[in-house]
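Structural overview
Listed below, chain by chain, are the residues.
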Amino acid sequence: MNTQPREIISRDGASGYLAIDLKALQQNYRQLVERAAPVPVAAVVKANAYGLDANRVAPALREAGCRDFFVAHIGEALRVKPFLDGNARIFVLNGLQPGAEGTCADEGIIPVLNSLEQVENWSQTASGRRARLPAVLQIDSGMSRLGLPPEEVETLANNPGLLGSIDLLYIMSHLASGDESDCIQNADQLAAMRAASAHFPSLPLCFANSGGIFLGENFHGAMVRSGIALCGGAPTDAIANPMRPVVRLDVRVIQTRTVPAGTRVGYGGAHVTTTETRLATIAAGYADGLPRSLSHKGAAYYNGTRLPIVGRVSMDSITIDVSALSPSTLKLGSLVELIGPHQTLEAIAADAGTISYEILTGLGDRYHREYR
Ligand SMILES: *Cc1c(COP(=O)(O)O)cnc(C)c1O
């Protein structure tokens, strides 16, 4: 990645530049394929591919060899489908909503069935159409979020007729602590997954998320599902982030000033300078996915120099202390780095008291986006 400050003059007066490196995304995909081999890697492209644009991300991954795509909602499946070919498979994690069965069946979208009620509805849809319909069965292995609880798994195992003409492709579950390599919950969930799958011995498993891939092949099953690692986020605490960065964010300086000691900065006058300070105001704020919790805490970078955020983050702007730079360095139109070679996605997320996922999905649409 180029570590030099960026300089872009544009006609559109964009607040900042969000560069998304689709080549790096594809390299991340290939790295995960190697790590998960021989089982395939499915791409999780929910929430518009973690904010990076599913209609660009999914085809780029398809080109790199990915066949399976998971979204959260049927609406997301319908939106991304025209950007994929007929051999790609699209799965809906949040399950089958009443009334959406017909759309799912018509469009060839594969629901993840999360309860016996959903199994019944899909089974009725299949018999109503005199067709076999595919699905994934999700079981709750300990997260208490989605999936059949153990008693429903048992009911289904004892009454296989409930499946009717449903073709189950996988038995699936999700790790609550896949990114924490030493967490005991991973072993507990693996045991629960094995107990459930013993009822369905012919069904392949789909278990690991990005973090789970790094927990070892016990967790891989027959297909893994990755989202954050494809986007360059750190998938595990076990090793330094091995993924290539996909996102770079540079934000425009829209004003600079030098103020004396004792000057209030920003909303609430919540910061007061203690010495003469050179300030720059940059053109992105919490409406652009830079959380208000970065107030007094986070930083921008210029050529490797840390420029601390002073005062509160506003909706459309942030004020930074640029005293560390020589006075003429930053001027109207200069770009400072928020995510890039000097500040990782994880670093800005940590300063904001959140995780990389929330930063990515919040970045918003006021930046000028560049896909490479
Ligand atoms: C979001 C999600 C994933 C992807 O998780 P990452 O940690 O981003 O790899 C996988 N499976 C399920 C069920 C999810 O909700």
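Conventions and cut-offs
Residues numbered from 1 in each chain as written. Predicted model: local features only at pLDDT ≥ 70, side-chain atom pairs only at ≥ 80, totals over all residues. Heavy atoms only, no water. Domains from an automatic or database assignment. Buried area = accessible area lost by both parts, 1.4 Å probe. Salt bridge = Lys/Arg side-chain N within 4 Å of Asp/Glu carboxyl O. Polar contact = N/O pair within 3.5 Å; in protein donor to acceptor, adjacent residues only side chain to side chain. Helix = DSSP H or I, 4+ residues; strand = E, 2+ residues; numbered from the N terminus. Pairing = 2+ DSSP bridges. Contact = heavy atoms within 4.5 Å. Axes fitted to C-alpha atoms, helices over the stretch in contact; angles between N-to-C directions. Near = heavy atom within 4 Å. Areas by Shrake-Rupley, 256 points an atom, 1.4 Å probe, with all protein chains shown as cover. Buried < 20%, exposed > 50% of the residue type's maximum accessible area, 1.4 Å probe, protein only. Lys, Arg positive; Asp, Glu negative; His and termini not counted.

Regarding the domain arrangement of the protein
Splitting the protein by domain gives domain 1 (22-226) and domain 2 (245-371). Placing the centre of domain 1 and that of domain 2 at their C-alpha centroids yields a distance of 38 Å. With both chains or domains summed, domain 1 and domain 2 bury close to 870 Å², and 68% of this area falls on carbon and sulfur atoms. On the domain 1 side of the contact with domain 2, Tyr50, Gly51 and Leu52 bury the most area, a combined 53% of that side's loss. Inspection of the region where domain 1 meets domain 2 yields 0 salt bridges. At the boundary of domain 1 and domain 2, one finds 2 residue pairs in polar contact (both at pLDDT 80 or more). Of all elements in the fold, only α1 (22-36) and α2 (46-50) reach the threshold of two or more residues within the side of domain 1 that touches domain 2. Considering each element in turn, the side of domain 1 that touches domain 2 owes the most residues, 4 residues, to α1.

Let's talk about the sheet that holds strand β8 (residues 205-206)
Strand order in this open sheet of 8 strands is β8-β7-β6-β5-β4-β3-β2-β9, and the pairing throughout is parallel. Every interior strand has two partners, whereas the edge strands, β8 and β9 (224-226), have only one. Sheet topology places strand β3 (residues 68-71) next to strand β4 (residues 89-92); 4 bridges connect them, and they run parallel. Its bridge partner being in β4, Phe70 is matched across the sheet by Phe91. Packed on one face of the sheet, helix α6 (residues 116-128) meets β5 (110-113), β6 (133-138) and β7 (166-172) and runs near 175° to β6.

Re the site of the ligand
Not every one of the 14 residues close to the ligand is listed here, only the nearest: Lys46, Tyr50, Ser210, Ile228 and Tyr357. Tyr50 places a side-chain nitrogen or oxygen 2.6 Å from an oxygen atom of the ligand. Side-chain polar atom of Arg225 to a nitrogen atom of the ligand: 2.9 Å apart, as the coordinates give it. Against a free-state accessible area of 390 Å², the protein chains account for coverage of 94% of the ligand.

Comments concerning the side chain of Glu76
Mapped onto the elements, Glu76 comes out in helix α4 (residues 74-80). One buried charged residue, Glu76, forms no salt bridge at all, with the nearest opposite charge on Arg79 at 5.6 Å.

Quick notes on the pairing of strand β15 (residues 305-308)
Inspection of the sheet shows strand β14 (residues 299-302) paired to β15 by 4 bridges, in the antiparallel sense. Bridge pairing in β15 places Tyr302 opposite Thr305. Counting the residues in the hairpin turn of β14 and β15 gives 2 residues, including Asn303, whose phi is positive at 55°.

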